Amino acid sequence: MFAPIIFLNRFYAPDHSATAQMLTDLAVDLAAQGRDVTVIASRALYGQDRGVLPPRETIAGVKIYRVTTPRNRRGMTGRIAAYFLYLLLAPITAARIARRGSVLVVKTDPPLLSVPLAIVARLRGAVLIPWLQDLYPEVAVAYGIGIAHGPVGRLLTGLRDRSLRQAARIVAIGQLMADRVARIGIARDHIAVIPNWSNDSDIVPLVGHSPELRTAWAIPRDAFVLAYSGNLGRAHEYDTLLGAATALRARADIVFLFVGGGHMSEQLAARVAALGLTNFRFVPYQPREKLSESLATGDAHWISLRPAFEGLIVPSKVFGVCAAGRAVIAVCAPDGELARLIVPAGAGVAVAPGDSAALADAIVALADDRTRTAAMGRAARTLLDSGYTRAHALARWLHLLDAVSGDTAAR
């Protein structure tokens, strides 16, 4: 008899945000394996200020409880209200439905959710597994948010650390994140590294470069396209790329494509316009079912992570790029998570943030040697298939859940 599994995260299907898609994939796959799976989410859709989802439903064998969320989430006040309402009501719902031996898998949206769930786990005799997508309040410190420093930051860190020490296991999505967790004082055998994944059964390498999309987006068919797909957030930086693009503005055969959005993407578009650069294209998010075609428009994909966020965040979009069989150009710390992943595998190159000249050289080298670029793309897909697919992640999760259930039975 398998222990019931209860996932907690603010967003879940039919929401299409990255955190919701990841959780939906895992919950559905576990339910298909015969596990008793419940999700406690909010009634909101990511990025939408109005509207609510049903309070209860079952999708693909997964039972979903959705706690109350403000109907109007417009502006900072509305978003803060939605955040704290979930932080209050989700643990209450978990306490109501959990029983002894239940496994509470707690993601990090909202941050510090493991703190109240550690109390619930202790009161109900349940097992706690924090699934860390990021580390707060360290991320807030890296963002430069003042309240994260000083006494408030130390208090929040202490509460977070106490909840992690109570956990039966902790799931980190990268090795450097696992290293940071270990420095808190968590035993290594209590930390499982399970990277995030992509929808790799649907995202497949395409031989061409989506000529219809290139035409629709005013991109010459034979151009070398350095693409970006997804949200461009504050953990990323674009100054290095902007410097390289400025240096390459005379190369009409090199195009920079942004598919997605985010506050930083809007900033970048404004900077591009102010500089009068014509080698950029900005297009909105594409439907998930068109990801293969959208990702294929790029010969290579640019991904960045500011060094201050190493071990706090892992840009999981790299796995979608690898699934599409495209080379990666990473602007990140030379010894960072991305560099360690792609460079030894021959799946791409890494450039230090701030070195626009080196980035421009890397782009030119790939643009002028399409055979090498294609070989890197094939290596990227091989890397994914060697241990980073959705099926690999499911196997790791099943092993972890069975180990935790065995530990509980032995007590």
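Before any of the text, the structure's been laid out above.
Residues numbered from 1 in each chain as written. Predicted model: local features only at pLDDT ≥ 70, side-chain atom pairs only at ≥ 80, totals over all residues. Heavy atoms only, no water.

## Structural notes on the environment of Asp 15
Stage number 1. One can find Asp 15 in the loop between strand E1 (5–8) and helix H1 (18–32).
Stage number 2. Under the relative-accessibility criterion, Asp 15 is labelled buried at 5%.
Stage number 3. Note: C-alpha distance between Asp 15 and Pro 334 (319 residues apart in sequence) is 35 Å.
Stage number 4. If we skip the residues at most four places from it in the chain, Asp 15 touches Ala 20, Leu 45 and Tyr 46. (Helix = DSSP H or I, 4+ residues; strand = E, 2+ residues; numbered from the N terminus. Buried < 20%, exposed > 50% of the residue type's maximum accessible area, 1.4 Å probe, protein only. Contact = heavy atoms within 4.5 Å.)

## Digging into the sheet that holds strand E12 (residues 300–304)
Stage number 1. Here six strands make up an open sheet; going across it, the order is E11-E10-E9-E12-E13-E14 and the pairing parallel. Where the open sheet ends on each side, the last strands, each with one partner, are strand E11 (280–283) and strand E14 (348–351). Sheet twist, expressed as the mean angle between neighbouring strand axes with direction ignored, is 25°.
Stage number 2. For strand E10 (residues 254–261) and E11, the ladder comprises four bridges, and the chain directions are parallel. Paired with Phe 258 across the bridge in E11 is Phe 282. (Pairing = 2+ DSSP bridges. Axes fitted to C-alpha atoms, helices over the stretch in contact; angles between N-to-C directions.)

## Observations concerning empty space enclosed by the protein
Empty space among the atoms can be located by rolling a probe the size of a water molecule over them.
Stage number 1. All told, the structure shown has one cavity of 30 Å³ or more when counted by the stated rule.
Stage number 2. If you trace the largest cavity, you find 13 residues lining it, with Thr 108, Leu 112, Ser 114, Leu 132 and Arg 160 closest to the centre.
Stage number 3. Per-class residue counts for the lining of the largest cavity are eight nonpolar, two polar and three charged. (1 Å grid on protein atoms, 1.4 Å probe; cavity = no way out; pocket = protein on both sides within 12 Å on 5 of 7 lines; lining within 4 Å. Points joined across faces, edges and corners; volume = space filled by probe spheres on them. Nonpolar A, V, L, I, M, F, W, Y, C, P; charged D, E, K, R; others polar.)

## Brief notes about unusual backbone geometry
Most peptide bonds take the trans configuration, and most residues that are not glycine carry a negative phi.
Stage number 1. Residue Pro 14 is bonded to the preceding Ala 13 through a cis peptide linkage, with omega at 10°.
Stage number 2. If you trace the backbone, Pro 14 turns up in the loop between E1 and H1.
Stage number 3. Cis geometry marks the peptide bond from Tyr 136 to Pro 137; its omega dihedral reads 10°.
Stage number 4. Mapped onto the elements of the fold, Pro 137 is located in the loop between strand E6 (127–132) and helix H4 (138–143).

## Observations regarding the sheet that holds strand E7 (residues 170–172)
Stage number 1. The eight strands lie next to each other as E3-E4-E2-E1-E5-E6-E7-E8, forming an open sheet whose pairing is mixed. A single partner strand is all that each edge strand has here, and the edge strands are strand E3 (56–59) and strand E8 (191–193). The sheet shows a mean angle of 20° between the axes of neighbouring strands, taken without regard to direction.
Stage number 2. Relative to strand E4 (residues 62–67), strand E2 (residues 37–42) is paired through five bridges, and the arrangement is parallel. In the sheet register, Ile 40 faces E4, and the bridge partner there is Tyr 65.

## Here we look at the environment of Leu 248
Stage number 1. For Leu 248, the position within the fold is in the loop between helix H8 (239–247) and E10.
Stage number 2. Relative accessible area serves as the criterion here: at 8%, Leu 248 is assigned to the buried category.
Stage number 3. For the pair Leu 248 and Pro 287, spaced 39 residues apart in the sequence, the C-alpha separation amounts to 31 Å.
Stage number 4. Leave out the neighbours within four places in its chain, and Leu 248 touches Ile 254, Phe 256, Asn 279, Ala 360, Ile 363 and Val 364.

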